[in-house]
Amino acid sequence: MKLLLLLLIPVSIIGLLIYPSLEKDSTNEEVTTHPTEVVSPAPKNTTTTGTILPVDIEGLNVHYIDVGQGDCTLIDLGSIEVVIDGGKYNSGAVSYLETSGLVEEPIEYLLATHPDADHIQGLTDILQAFEVEHVGHNGVAKDTLTYTDWWKAVVNEGCSHDVLRRGITLDFESFSLLVVHPFLTTSNYNADSISILLEHEDIVFLLTGDCETESELEMLGSGLLGEVVVLKAGHHGSRTASSWPFIDTLKPEVVVYSCGLGNTYGHPHEEAVENWNAVGASIYGTDVNGTVVVTTDGTNYKVTLAK
Ligand SMILES: [Zn+2]
């Protein structure tokens, strides 16, 4: 069923032009063997289709859902679903979860990186639409109606909820989530974003919410981070994140940033893109690619783009 859904993702016209002999497998996918062989050249922009190989991979799916200017990530493994952030109200998270048919209720874990509207409003929507088993958050309250409504939704759900701090590991069958930030919270909402290292055998993902340079350096100092395969760029691709020491240490093969097309912040910022390019990362953004899905069996991975 899930394979069928993947195949229903719009066909890449560019892929067809470049690889006419692969018409049957011409979904917009980039398949990479890890860690010994990187089959695609480093892109110079954000819309490359890379090399398409007739390799079928099933397993863990990480969906960087297009919610415009915001963040929403679904981690899906069979009947297990973890959602990290939800974008703003009605920004597409609930409709994606409903129409994709991926969610088998309950959603096992809902994680709010920090209480900004572009991260938790959509989680309030999800709590109202789905049964949720557990909520994780950073324990930082915000004096906004958005926060009050979010917390009401958590309480109304009647689920258990925990404050997450650096060093805590959440285990879900074949993958785990290690909290790598924060150790202590501050008065800065972005700096208090929960950052998660997702490990699925050889394939490691990092998601850093809206953490900025200072938090990135703190994470490096913790000694918990090494190279990763997929990085979700901090703070929507802002120049205030993706600092060079951070990117140079992580050396991501794939960078995904999440922001709205034509957003007023100018995300992704050129300085961040330069750093991603400098380590040869393949770069995808929800603004130009729509929802980005990385599928991995723990050894290989492929990237599927909605557009
Ligand atoms: Zn944000």
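Residues numbered from 1 in each chain as written. Predicted model: local features only at pLDDT ≥ 70, side-chain atom pairs only at ≥ 80, totals over all residues.

### Here's the deal with the overall build of the protein chain
Rules: Put simply, DSSP H or I for four residues or longer makes a helix, DSSP E for two residues or longer makes a strand, and each gets a number counted from the N terminus. Field definition: a residue is buried when 20 or more other C-beta atoms are found within 10 Å of its C-beta, exposed when 12 or fewer are, and partly exposed for counts in between, with C-beta atoms placed from the backbone. Here, residue contact means that the backbone-derived C-beta atoms of the two residues sit within 7 Å.
Summing up its helical and strand segments, the protein chain has nine helices and 16 strands in all. Counting over 307 residues, the protein chain shows a buried share of 49%. Within the protein chain, residue pairs in contact and separated by at least 24 positions form 66% of the contacts whose partners lie at least 6 positions apart.

### Considerations on the sheet that holds strand E13 (residues 254-257)
Pairing between the strands of a sheet is mediated by backbone hydrogen bonds and can be parallel or antiparallel. Applicable threshold: Here, any two strands with at least 2 DSSP bridges between them count as paired. Here an axis means a line fitted to C-alpha atoms, over the contact stretch when the element is a helix, while the angle between two N-to-C directions is reported on a 0 to 180 degree scale.
With mixed pairing, seven strands are arranged side by side in an open sheet as E8-E9-E10-E11-E12-E13-E14. Strands at the two margins of the open sheet, each flanked by one partner only, are strand E8 (169-172) and strand E14 (282-285). Going across the sheet, the axis of each strand differs from the next one's by a mean of 15 degrees, ignoring polarity. Relative to strand E9 (residues 175-181), E8 runs antiparallel, the two sharing four bridges. Bridge pairing in E9 places threonine 169 opposite leucine 178. Sheet contacts for helix H6 (residues 213-222): E9 and strand E10 (195-200); angle to E9, the most-contacted strand, approximately 115 degrees.

### Some words on the pairing of strand E16 (residues 300-305)
Of all six residues in E16, five are buried, a share of seventy percent or more. Hairpin connection, strand E15 (residues 292-296) to E16: the antiparallel pair is bridged by three residues, and glycine 298 has positive phi, about 100 degrees.

### Topic: the nonpolar core
Note the following rule: By definition, a nonpolar core groups buried Ala, Val, Leu, Ile, Met, Phe, Trp, Tyr and Cys residues that connect through C-beta atoms lying within 7 Å of each other.
With 73 residues, the main nonpolar core has Leu110, Phe205, Val255 and Val256 as its most contacted residues. Looking at this core element by element, the count peaks at five residues for strand E11 (residues 203-207).

### Some details on the packing of helix H4 (residues 117-129) against helix H5 (residues 145-157)
Put simply, the test is: Should an angle lie under 35 degrees it is considered roughly parallel, over 145 roughly antiparallel, and from 65 to 115 roughly perpendicular; all remaining angles are considered oblique. Crossings are sorted by hand: turned counterclockwise from the far helix by less than a right angle, the near helix makes the crossing left-handed, and turned clockwise it makes it right-handed. Under the scheme applied, nonpolar residues are Ala, Val, Leu, Ile, Met, Phe, Trp, Tyr, Cys and Pro; charged residues are Asp, Glu, Lys and Arg; polar residues are all the others, including Gly.
Where H4 meets H5, the closest approach of the two axes is 9 Å, and the angle between their N-to-C directions is 30 degrees. Viewed along their axes, H4 and H5 adopt a mutual orientation that is roughly parallel. H4 and H5 meet at a crossing whose hand is left-handed. Contacts from Ala117, Ile120, Gln121, Leu123, Thr124, Leu127 and Gln128 in H4 reach Thr146, Asp149, Trp150, Ala153, Val154 and Glu157 in H5. Taken together, the residues that form the contact of H4 with H5 break down as seven nonpolar, four polar and two charged.

### Some thoughts on H6
An α-helical turn contains 3.6 residues, so a residue and the one three or four places further along point in the same direction. Stated precisely, the cut-off is as follows: By construction, the arc corresponds to the directions joining the helix axis to the C-beta atoms.
Among all positions of H6, only Ser215, Glu216 and Met219 are buried. For H6, the angular spread of the buried residues around the axis is 105 degrees, confining them to a single face. On its buried face, H6 sits against E9, E10 and helix H7 (244-250). Positive backbone phi, at 75 degrees, marks glycine 223, one or two positions downstream of H6.

### Focus: the confidence of the model for the protein chain
Short version of the rule: As a per-residue quantity, pLDDT reports the predictor's confidence and falls between 0 and 100.
Per-residue confidence for the protein chain gives a mean pLDDT of 87, with 82% of residues at or over 70. This stretch, residues 1-27, has a pLDDT under 50; its non-local contacts, to residues over four places away or in other chains, come to 34 contacts. For residues 33-54, every residue scores under 50 in pLDDT, and the model assigns this stretch 49 contacts once sequence neighbours within four places are set aside.

### Considering unusual backbone geometry
Following glutamate 105, the chain continues into proline 106 via a peptide bond in cis, with omega recorded as 5 degrees. Tracing the backbone through its elements, the reader meets proline 106 in the loop between helix H3 (93-100) and strand E5 (109-111). The amide bond that connects histidine 267 to the next residue, proline 268, takes the cis arrangement and shows omega of 0 degrees. Mapping proline 268 onto the fold places it in the loop between E13 and helix H8 (270-278).

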